[in-house]
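A look at the structure
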Amino acid sequence: MIFRFIFIVFIFLIIELYAYQAVKTLFKVRWILVSYQILSLLIFLFIVYSFTQFDRSVGQTKQTMLTMGLMLLVYLPKIVLTLILFGEDIYRVCLGSINYFVESDNADFLRSRRKFVSQIGLGIAAVPFLSLIYGMTIGKYNYKVIKQRIFFPDLPDAFDGFTITQISDVHSGSFDNFEKINYAIDLINEQNSDMILFTGDIVNTHAKEMHPWIDTFNRIKKHEYGKYSVLGNHDYGEYVTWPTQADKDENFQAIKNLYGQIGFNLLLNEHTFIQKGDDKIALVGVENWGHNFKQAGDLNKAAQNLNKEDFKILMSHDPSHWDHVVQHDDRHFQLTLSGHTHGMQLGIEIPGYFKWSLVQYVYKHWAGLYENLGRYIYVNRGFGFHAYPGRVGIMPEITVIQLKKGEKVA
């Protein structure tokens, strides 16, 4: 534990050293350099202090999110600077070695750092700095309505054109702006979908986080074919220390009740049929099942008495469930709706052309639509935010899926 702490401090010192070199190359005024050093030290001490004050019995708070945001805001640009200046140091060492051993040049082995490299480094570092500020002020509430049409040859005729609005990962304990959330609710209502599905994580940890927002989410209008939900990993209260098991159980029951308090029918390893005309589809909802998280989901129980011929929509919070289990199930779950990843809330996305986030190295299916042998999964990018109090590149999402009968047109 001590060795790990020393190693982390050492890495931070290296980052600070390189960042200071860039500043020193550009600014020669002493008071500016001293002010920079003092400010950097104060920020570092504040971050260390905040993390040491983390209370496992409380979990994430506005303070911890502020600390995470500040750490990314300060150190991500400095890491960029470090990589650029470290690359220049490799060049300087190589050039010095050539001059010394090959050309017998008696000039200084390590030439002085070039000003323009520091200027380029600071310019590049400004991109993540400004992006993170945007993400914490505007991006976290920059809701996008993403529409997706999916074709199924075995879709019952009556459901051709049926629309579903999906929301996921609300994380109500992170919200701080009633006006923006009301705007998002208006966007949901404007879609006029046939049914709305909520794929889990209504809170960060505690049921009380949702209490200020119940009236707001009750503004989601009734949908003709219902409002349904499942649980996410955060709904189980697994990430804090509880005084007693009874307290944890009480909170869990209160969280399950929250879904009903905002008008959603919570499916707990069970299914229901959605009837339209003479046709029906099965809506299946499992509790959380994650490859690296809680595995309370029971697909066999939820899909009991269903067969391959039934058209099935599965709600399962964690997309790793589809990757490891669902897509290989002989009962052929035509469409799975998930969330969980948030797209890491940090990434690059050009709709229809390109998307990238570090989370893709953890989750194979992390944002948008994926298909395997006629089975589809759609991974919602999330409605709220968690840990980092913002979103950069991967915006909060309201999904509208239209089911179409037939083969996909190339």
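To be clear, the structure that these remarks concern was listed above.
So, how was this worked out
- Residues numbered from 1 in each chain as written.
- Predicted model: local features only at pLDDT ≥ 70, side-chain atom pairs only at ≥ 80, totals over all residues.
- Heavy atoms only, no water.
- Axes fitted to C-alpha atoms, helices over the stretch in contact; angles between N-to-C directions.
- Helix = DSSP H or I, 4+ residues; strand = E, 2+ residues; numbered from the N terminus.
- Parallel < 35°, antiparallel > 145°, perpendicular 65-115°, else oblique.
- Left-handed = near helix turned anticlockwise from the far one by under 90°.
- Contact = heavy atoms within 4.5 Å.
- Expected span 1.5 Å × (residues − 1).
- Buried < 20%, exposed > 50% of the residue type's maximum accessible area, 1.4 Å probe, protein only.
- Polar contact = N/O pair within 3.5 Å; in protein donor to acceptor, adjacent residues only side chain to side chain.
- Core = buried A, V, L, I, M, F, W, Y, C linked by side-chain atoms within 4.5 Å.
- Pairing = 2+ DSSP bridges.
- Phe/Tyr/Trp six-rings, centres within 6.5 Å; stacked < 30°, edge-to-face > 60°.
- Lys NZ or Arg CZ within 6 Å of the ring centre and 35° of its normal.
- Salt bridge = Lys/Arg side-chain N within 4 Å of Asp/Glu carboxyl O.

A short note on the packing of helix 1 (residues 2-26) against helix 2 (residues 30-52)
- Helix 2 packs onto helix 1 with a crossing angle of 155° between their chain directions and a minimal axis gap of 11 Å. As far as their axial angle goes, helix 2 and helix 1 are roughly antiparallel. The two elements helix 1 and helix 2 meet at a crossing, and its hand is right-handed. Contacts from Phe12, Glu16, Ala19, Tyr20, Val23 and Lys24 of helix 1 reach helix 2 at Leu33, Tyr36, Gln37, Ser40 and Phe44.

Thoughts on helix 5 (residues 178-190)
- With 13 residues, helix 5 ought to run about 18 Å at 1.5 Å a step, and its terminal C-alpha atoms sit 18 Å apart, in line with that.
- Of the positions making up helix 5, those classed as buried are Ile181, Ala184, Ile185, Leu187, Ile188 and Asn189.
- Looking at the packing, one finds that the buried side of helix 5 touches strand 1 (144-152), strand 2 (163-167), strand 3 (195-198), helix 6 (214-217) and strand 14 (397-405).
- Where helix 5 begins, one side-chain oxygen reaches toward the backbone nitrogen of Glu179, 3.1 Å away; that side chain belongs to Asn177.
- Positive backbone phi, at 50°, marks Asn192, one or two positions downstream of helix 5.

Concerning the side chain of Thr67
- Among the structural elements, Thr67 can be located in helix 3 (residues 62-102).
- You can call Thr67 buried: its relative accessible area is 1%.
- Those residues in contact with Thr67, other than ones at most four positions away along the chain, are Phe46, Ile47, Ser50 and Phe51.

Looking at the nonpolar core
- Core analysis: the biggest nonpolar cluster contains 33 residues, and Phe175, Ile181, Ile202, Met210, Phe217 and Phe383 have the highest contact counts within it.
- Of all the secondary-structure elements, those providing two or more residues to this core are helix 5, strand 3, helix 6 and helix 7 (245-261).
- Counting residues per element, this core draws most heavily on helix 5, which supplies five residues.
- With 24 residues, the next largest nonpolar core counts Met195, Leu197, Leu337 and Leu403 among its residues.

Some points on the side chain of Lys140
- In this structure, Lys140 sits in the loop between helix 4 (115-137) and strand 1.
- Separated by 3.5 Å, the side chain of Lys140 and the backbone oxygen of Met136 make a polar contact.
- A polar side-chain atom of Lys140 sits 3.1 Å from a polar atom in the side chain of Asp176.
- Discounting chain neighbours no more than four positions away, the residues touching Lys140 are Gly135, Asp176, Phe385, Pro389, Gly390, Arg391 and Pro396.

Structural notes on helix 1
- For helix 1, spanning 25 residues, the distance from its first C-alpha to its last is 37 Å, which sits close to the expected 36 Å at 1.5 Å a residue.
- Every buried residue of helix 1 is accounted for by Phe12, Ile15, Glu16, Tyr18, Ala19, Tyr20, Ala22, Val23 and Thr25.

Considering the sheet that holds strand 12 (residues 368-372)
- Read across the open sheet, the six strands follow the order 6-7-8-9-13-12; overall the sheet is mixed. For this open sheet the edge positions go to strand 6 (270-276) and strand 12, each flanked by a neighbour on one side alone. Taking each pair of neighbouring strands and ignoring which way they run, the sheet shows an average axis angle of 20°.

Some thoughts on the environment of Arg113
- Along the chain, the position of Arg113 falls in the loop between helix 3 and helix 4.
- When its relative accessible area of 15% is taken as the criterion, Arg113 is described as buried.
- A C-alpha to C-alpha distance of 8.7 Å links Arg113 and Gln21, two positions 92 residues apart in sequence.
- Those residues within four positions of Arg113 in sequence are excluded, and the remaining contacts are Tyr18, Gln21, Thr25, Leu85, Glu88, Asp89, Arg92 and Ser118.

Some words on the packing of aromatic side chains
- In total, this model carries 19 aromatic pairs according to the counting rule given.
- Taking the centre distance of 5.0 Å and the plane angle of 25° together, the rings of Tyr236 and Phe252 count as stacked. With Tyr236 in the loop between strand 4 (227-229) and helix 7 and Phe252 in helix 7, this residue pair connects regions lying 16 residues apart in the sequence. Phe252 carries the same exposure label as Tyr236, and that label is buried.
- Connected via pairs of aromatic rings, a cluster forms that spans Tyr141, Tyr143, Phe175, Phe178, Trp213, Phe217, Phe383 and Phe385.
- Over the aromatic face of Phe273 sits the side chain of Lys280, whose NZ or CZ is 4.2 Å from the ring centroid.
- Taking the ring centre of Trp366 as reference, the NZ or CZ of Lys355 above it sits at 5.5 Å.

Overview of the sheet that holds strand 2
- Pairing within the open sheet is mixed, and its six strands lie in the order 1-14-2-3-4-5. Both outer strands of the open sheet, strand 1 and strand 5 (265-266), are each paired with one neighbouring strand and no more.
- In this structure, strand 3 lies alongside strand 4, joined through three bridges in parallel fashion. The partner of Ile196 across the bridge, within strand 4, is Lys227.
- Contacts from helix 5 reach strand 1, strand 2, strand 3 and strand 14, with the element oriented near 10° to strand 14.

Notes on the pattern of salt bridges
- Taken as a whole and judged by the stated rule, the model has eleven salt bridges.
- Salt-bridge contacts for Lys404 lead to Asp160; the nearest nitrogen and oxygen are separated by 3.4 Å. Of this pair, Lys404 sits in strand 14 while Asp160 is found in the loop between strand 1 and strand 2, placing the two residues 244 residues apart along the sequence.
- Its relative accessible area of 37% is what places Asp160 among the partly exposed residues.
- Because the salt bridges share partners, they merge into one network encompassing Glu238, Lys248 and Lys294.

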